[in-house]
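Summary of the model geometry
One-letter residues, chain by chain:
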Amino acid sequence: MQSEHLDTIFRALISELWMNLHISTQIATQSVEPSSNPVITKAIKFIKEHIQEPLTVQQVSAALFINPGYLHQCFAKHMNMTPKKYIMLQKLQLVQEKMVNGANLTELCRQYGFSTYSTFYRNYQKIFGCTPSDNPRHA
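These lines cover the structure that appears in this document, whether it is placed above or below.

Thresholds applied
- Residues numbered from 1 in each chain as written.
- Predicted model: local features only at pLDDT ≥ 70, side-chain atom pairs only at ≥ 80, totals over all residues.
- Heavy atoms only, no water.
- Buried < 20%, exposed > 50% of the residue type's maximum accessible area, 1.4 Å probe, protein only.
- Helix = DSSP H or I, 4+ residues; strand = E, 2+ residues; numbered from the N terminus.
- Arc of directions from axis to C-beta.
- Contact = heavy atoms within 4.5 Å.
- Axes fitted to C-alpha atoms, helices over the stretch in contact; angles between N-to-C directions.
- Parallel < 35°, antiparallel > 145°, perpendicular 65-115°, else oblique.
- Nonpolar A, V, L, I, M, F, W, Y, C, P; charged D, E, K, R; others polar.
- Salt bridge = Lys/Arg side-chain N within 4 Å of Asp/Glu carboxyl O.
- Expected span 1.5 Å × (residues − 1).
- Polar contact = N/O pair within 3.5 Å; in protein donor to acceptor, adjacent residues only side chain to side chain.

**Some details on helix 3 (residues 57-64)**
The set of residues buried in helix 3 consists of V57, V60, S61 and L64. The arc that holds every buried residue of helix 3, seen down its axis, measures 95 degrees, which confines them to one face. Counted as exposed and oriented over 90 degrees from the buried face of helix 3: Q58 and A62. Packed against the buried residues of helix 3 are helix 2 (38-49), helix 4 (68-79) and helix 5 (83-100). In the stretch just after helix 3, F65 is the one whose phi turns positive, near 60 degrees.

**Things to note about the packing of helix 5 against helix 7 (residues 117-128)**
Two elements in contact, helix 5 and helix 7, have axes whose closest approach is 10 Å; the angle formed by their N-to-C orientations is 95 degrees. With respect to each other, helix 5 and helix 7 are oriented roughly perpendicular. Along the contact surface, helix 5 presents K85, M88, L89, L92, Q93, V95, Q96 and M99, while helix 7 presents F120, N123, Y124, I127 and F128. In terms of residue class, the contact of helix 5 with helix 7 is built from nine nonpolar, three polar and one charged.

**Quick notes on unusual backbone geometry**
If a residue is not glycine, its phi is most likely negative; likewise, a peptide bond is most likely trans. Even without glycine at this site, F65 takes up a positive phi of about 60 degrees. Tracing the backbone through its elements, the reader meets F65 in the loop between helix 3 and helix 4. The exposure class assigned to F65 is exposed, which follows from its relative accessible area of 77%. Even without a glycine there, the phi angle at N80 is positive, about 60 degrees. Tracing the sequence through the fold places N80 in the loop between helix 4 and helix 5.

**Points about the pattern of salt bridges**
With the rule as written, the count across this model stands at one salt bridge. We note a salt bridge from E49 to K45, for which the minimum N-O separation is 2.9 Å. Here the residue E49 and the residue K45 both occupy positions in helix 2, the gap between them amounting to four residues, near one helical turn.

**Quick look at helix 4**
Here helix 4 spans 15 Å end to end across twelve residues, near enough to the 16 Å set by a 1.5 Å rise per residue. Here the buried face of helix 4 lies against helix 2, helix 3 and helix 5. You can read the cap of helix 4 off the contacts: a side-chain oxygen lies 2.5 Å from the backbone nitrogen of G69, and it is on N67. Downstream of helix 4 by one or two residues, N80 has phi in the positive range, about 60 degrees.

In structure tokens, the structure reads:
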């Protein structure tokens, strides 16, 4: 009986270790380096200041007084991703950090400007390769 209990604990620890490694790998491969491009620098600053809003590429480009196509071109060249993906990645990384620390998932979705839980869920799964409920610390 004690052996079964230890086996269960061992399996849970291995599962949590695997999940943490998987999440770390996903974040590391999608993290971006700061850019020396002034458009990117201003865009990132604006995005960080408004990360808890339902932010669009059009809003970012309007705030910088540039064309959305030019913003897209700058992100593609200097960040190897679209501005939309960058915004989503930043939001999901913040949600992930708070979720791991036990924050309420529904509140986090609202806090970071996701229009619906299904939008959040789809994007979370796409970026992290697992569902929010697959995170062992979320339960």
